[in-house]
Amino acid sequence: GRGNLMLRNITASLGRSSGLALTAARRMAADASGQGPVYRGIVDKLTKGLEPTEISLVDDSAKHSSHAAMKGIQGGESHFQVKVVSDKFEGLSRVKRHQLVYALLDEHFKAGLHALNIQAKTPAEAKS
């Protein structure tokens, strides 16, 4: 159940080309089918919007379920950590990268997503 401190984690290293990345990302989305709708939605939106070469998503909601602000959040999916590597971050500041991620996930924030810890890197940054 959600009461325990179980973390749900999925990581995928995707191919360098967009075609391979999208194919692998679709596979990752299928692997996320046992996860909740917010988790699946985050993976889907970031995959479509960023064509990542790597994406990792951790649901930390169970750690925050007793917080007053989380009472009544449907499904309890409220806190996540994401690491995403994408060519789309090339030339963007850290703030602009985060704004891009927030824009892609806007509907989730409006529906109750409360916190998102973001690591947004270019492929070159991820290698170093």
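Scroll up to find the structure this text is about.
On a predicted model such as this, the values are computed, not experimentally measured, just so you know. (Residues numbered from 1 in each chain as written. Predicted model: local features only at pLDDT ≥ 70, side-chain atom pairs only at ≥ 80, totals over all residues. Heavy atoms only, no water.)

Within strand S2 (residues 54-59), 5 of the 6 residues are buried, which leaves the element mostly enclosed by the surrounding structure. Bridging between S2 and strand S3 (residues 79-85) involves 6 bridges; their strand directions are antiparallel. For valine 58, the partnering residue across the bridge sits in S3 and is glutamine 81. (Buried < 20%, exposed > 50% of the residue type's maximum accessible area, 1.4 Å probe, protein only. Helix = DSSP H or I, 4+ residues; strand = E, 2+ residues; numbered from the N terminus. Pairing = 2+ DSSP bridges.)

Before going further, it helps to examine the nonpolar core. Ranked by internal contacts, the top residues of the largest apolar core, which has 18 residues, are Ile42, Leu46, Leu57, Phe80, Val82, Val101 and Leu116. Broken down by secondary-structure element, the contributors of at least two residues to this core are helix H2 (37-50), S2, S3 and strand S4 (115-121). Here this core gets 6 residues from one element, more than from any other, and that element is H2. Not counting chain neighbours up to four residues away, the residues in contact with valine 82 comprise Leu46, Ile55, Ser56, Leu57, Leu116, Asn117, Ile118 and Gln119. (Core = buried A, V, L, I, M, F, W, Y, C linked by side-chain atoms within 4.5 Å. Contact = heavy atoms within 4.5 Å.)

Burial along S4 is one-sided: Leu116, Ile118 and Ala120 are buried, and none of Ala115, Asn117, Gln119 and Lys121, which face the opposite way, are. As paired elements, S3 and S4 share 7 bridges and run parallel to each other. By the bridge assignment for S4, valine 84 is matched with alanine 120.

A separate point is the packing of aromatic side chains. For the coordinates displayed, the defined rule picks out 2 aromatic pairs. Ring centres 6.2 Å apart and planes at 55 degrees place the aromatic pair tyrosine 39 and phenylalanine 80 in the tilted group. Of this pair, tyrosine 39 sits in helix H2 while phenylalanine 80 sits in strand S3, placing them 41 residues apart in sequence. For the pair tyrosine 39 and phenylalanine 80, one class covers both residues: buried. When the centroid spacing of 5.3 Å and the interplanar angle of 65 degrees are considered together, the rings of tyrosine 102 and phenylalanine 109 count as edge-to-face. (Phe/Tyr/Trp six-rings, centres within 6.5 Å; stacked < 30°, edge-to-face > 60°.)

Next up on the list: the pattern of salt bridges. Tallied over the full model, the rule gives 5 salt bridges. Put simply, lysine 45 and glutamate 107 hold a salt bridge, and the shortest N to O gap is 3.4 Å. With a gap of 62 residues between them, lysine 45 in helix H2 and glutamate 107 in helix H4 (residues 106-110) connect regions that are remote in the sequence. (Salt bridge = Lys/Arg side-chain N within 4 Å of Asp/Glu carboxyl O.)

Turning our attention to unusual backbone geometry. Even without a glycine there, the phi angle at glutamate 51 is positive, about 45 degrees. Mapped onto the elements of the fold, glutamate 51 is located in the loop between H2 and S2.

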